[in-house]
Amino acid sequence: MSAKTVLGEVKEVKLAIELIALGARLQFLEAEVGLSRERLIKLYKELKGVSPPKGLLPFSTDWYMTWLANIHSSMFYNIYRFMLDQAKESKLQALIKSYRLYQEQSEYQGGEVVLDFTRAYTMVRFFDSDMLQLNSCSRCGGQFVAHAHDTKTGYVCVLCRPPSRAGKARPPKHVAAEAMVPVSHAHALDRSGFGLPLNSGGVH
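Report follows, based on the coordinates. (Residues numbered from 1 in each chain as written. Predicted model: local features only at pLDDT ≥ 70, side-chain atom pairs only at ≥ 80, totals over all residues. Heavy atoms only, no water.)

### Topic: the overall build of the protein
- Looking only at helices and strands, the protein features 7 helices and 2 strands.
- Listing every helix and strand of the protein by position from the N terminus yields α-α-α-α-α-α-β-β-α.
- When burial is assessed residue by residue, the protein has 40% of its 204 residues classed as buried.
- Considering only contacts within the protein whose residues lie at least 6 apart along the sequence, 53% involve residues at least 24 apart.
- For the protein, the computed accessible surface area is about 11,700 Å², with 55% contributed by carbon and sulfur atoms. (Helix = DSSP H or I, 4+ residues; strand = E, 2+ residues; numbered from the N terminus. Buried < 20%, exposed > 50% of the residue type's maximum accessible area, 1.4 Å probe, protein only. Contact = heavy atoms within 4.5 Å. Areas by Shrake-Rupley, 256 points an atom, 1.4 Å probe, with all protein chains shown as cover.)

### Structural notes on helix 3 (residues 37-48)
- Between its terminal C-alpha atoms helix 3 stretches 16 Å, which fits the 16 Å expected from 12 residues at 1.5 Å a residue.
- Among the residues of helix 3, those classed as buried are L40, L43 and Y44. The buried residues of helix 3 occupy an angular sector of 105° when projected down its axis, which confines them to one face. Along helix 3, exposed side chains directed more than 90 degrees from the buried face belong to E38, K42 and E46.
- The inward-facing, buried residues of helix 3 contact helix 1 (6-22) and helix 2 (26-32).
- G49, located one to two residues past helix 3, shows a positive phi value of around 80°. (Expected span 1.5 Å × (residues − 1). Arc of directions from axis to C-beta.)

### Comments concerning the pairing of strand 2 (residues 143-147)
- Direction of pairing for strand 1 (residues 132-136) relative to strand 2: antiparallel, over a ladder of 5 bridges. Along strand 2, the bridge assignment pairs S136 with Q143.
- Counted along the chain from strand 1 to the antiparallel partner strand 2, the turn is 6 residues long, and its residue G141 has a positive phi close to 85°. (Pairing = 2+ DSSP bridges.)

### Section: the pattern of salt bridges
- In the structure shown here, the tally under the stated rule is 6 salt bridges.
- With a closest N to O distance of 2.8 Å, R100 and E18 form a salt bridge. Remark: E18 occurs in helix 1 and R100 occurs in helix 5 (residues 91-108); sequence separation between them is 82 residues.
- E30 is the salt-bridge partner of R37, the closest N and O atoms lying 2.9 Å from each other.
- Since its relative accessible area comes to 37%, E30 is described here as partly exposed. (Salt bridge = Lys/Arg side-chain N within 4 Å of Asp/Glu carboxyl O.)

### What to know about the environment of Y155
- If you trace the backbone, Y155 turns up in the loop between strand 2 and helix 7 (173-177).
- Take Y155: its relative accessible area is 16%, and that puts it in the buried class.
- With sequence-adjacent residues up to four places away left out, Y155 is seen in contact with N70, N135, S136, C137, S138, F144 and V145.

### Some remarks on a nonpolar patch on the surface
- A cluster of nonpolar side chains, contributed by V6, L7 and V10, occupies part of the molecular surface with about 320 Å² of accessible area.
- Inspection of the secondary structure puts L7 in helix 1. (Patch = residues over 30% accessible without salt bridge, like charges linked within 9 Å, V, L, I, M, F, W, Y side chains within 5 Å.)

### Focus on the environment of L57
- Tracing the sequence through the fold places L57 in the loop between helix 3 and helix 4 (67-85).
- Take L57: its relative accessible area is 16%, and that puts it in the buried class.
- Setting aside chain neighbours within four positions, we find L57 in contact with R25, Q27, T118, Y121 and R125.

### Regarding the packing of helix 5 against helix 6 (residues 117-128)
- Two numbers describe how helix 5 lies on helix 6: the axes approach to 11 Å, and their chain directions differ by 135°. Relative to helix 6, the element helix 5 lies oblique. The element helix 5 and its partner helix 6 pack so that their crossing is right-handed. Residue-level inspection shows K91, L95 and Y99 of helix 5 in contact with helix 6, the latter providing F117, A120, Y121, V124 and D128. (Axes fitted to C-alpha atoms, helices over the stretch in contact; angles between N-to-C directions. Parallel < 35°, antiparallel > 145°, perpendicular 65-115°, else oblique. Left-handed = near helix turned anticlockwise from the far one by under 90°.)

What follows is the structure, encoded as structure tokens:
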């Protein structure tokens, strides 16, 4: 006999709605929410108006090493670790709360949300599988995402040593639209999304 209760099912639906709103894929929903696949698909269609996207989840750690992605990934994962270690949240709640905070900080700074929810979730799994690690920058002391087992001695982060091509790619659409703001406000609209000076580099 099923032990499910009406109240428990309401909580599962609420959780699914919350995760779908953040951009969770169907594979993630099936793993974390105790609703049937059919109900999740129906709920997804009701909320998004389209069927859930198909395809595999990201399987490579290389994406997190590119310049801008590494900055955003490192910001998110440091928030996530804080939620786990200091706020004592469960892994799922830490993921949800840290991703929301990451979104808020990126948008508040006028930057692009580079790390989507699927990438954030996959990155956490990569850390759990010992495929990624945090390296401490020898210059600024910040903690940045790196391949597991990379040497930590003398590590310099992507902010302290951006690649030569940083800042030469096409800017995001919203940045181009915001190019008309006064120069005095320009520092908040850089493409890193973290309020860095414009001459510190751009999108890789």
